[in-house]
Amino acid sequence: MKVSVPLVVLLGVAVLVAWRYLGLRLWQAITCLLFGFFLAATAVAPDIRRLVSAALSWLTGS
């Protein structure tokens, strides 16, 4: 996926905004981080990556 670093930065900013302005607690952010980390180690990870790539391709028109 070509946009992996910008996508990670965008998601990181979204979590930071949610933490700062929407009342996301630190333990909730850590839980989301761990969920993503462990989800990436499962057999579902390639399907999620393909789904995100397809969605980004559709959004960018390429």
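Residues numbered from 1 in each chain as written. Predicted model: local features only at pLDDT ≥ 70, side-chain atom pairs only at ≥ 80, totals over all residues. Heavy atoms only, no water.

Engineer: Which residues make up a nonpolar patch on the surface, and what values go with them?
Structural biologist: Taken together, the side chains of Leu16, Trp19, Leu26, Ile30, Leu34, Phe37 and Phe38 define a hydrophobic patch exposed on the protein surface, amounting to about 750 Å² of accessible area. Of all the secondary structure elements, the ones that give two or more residues to the nonpolar patch are helix H1 (4-21) and helix H2 (26-39). Looking at the nonpolar patch, the element that brings in the most residues is H2, giving five residues. Checked against the element boundaries, Leu26 lands in helix H2. A residue is classified by how much of its surface remains accessible, and Leu26, at 47% relative accessible area, is partly exposed. (Patch = residues over 30% accessible without salt bridge, like charges linked within 9 Å, V, L, I, M, F, W, Y side chains within 5 Å. Areas by Shrake-Rupley, 256 points an atom, 1.4 Å probe, with all protein chains shown as cover. Salt bridge = Lys/Arg side-chain N within 4 Å of Asp/Glu carboxyl O. Helix = DSSP H or I, 4+ residues; strand = E, 2+ residues; numbered from the N terminus. Buried < 20%, exposed > 50% of the residue type's maximum accessible area, 1.4 Å probe, protein only.)

So far we have only geometry, and geometry alone does not tell us how the molecule works.
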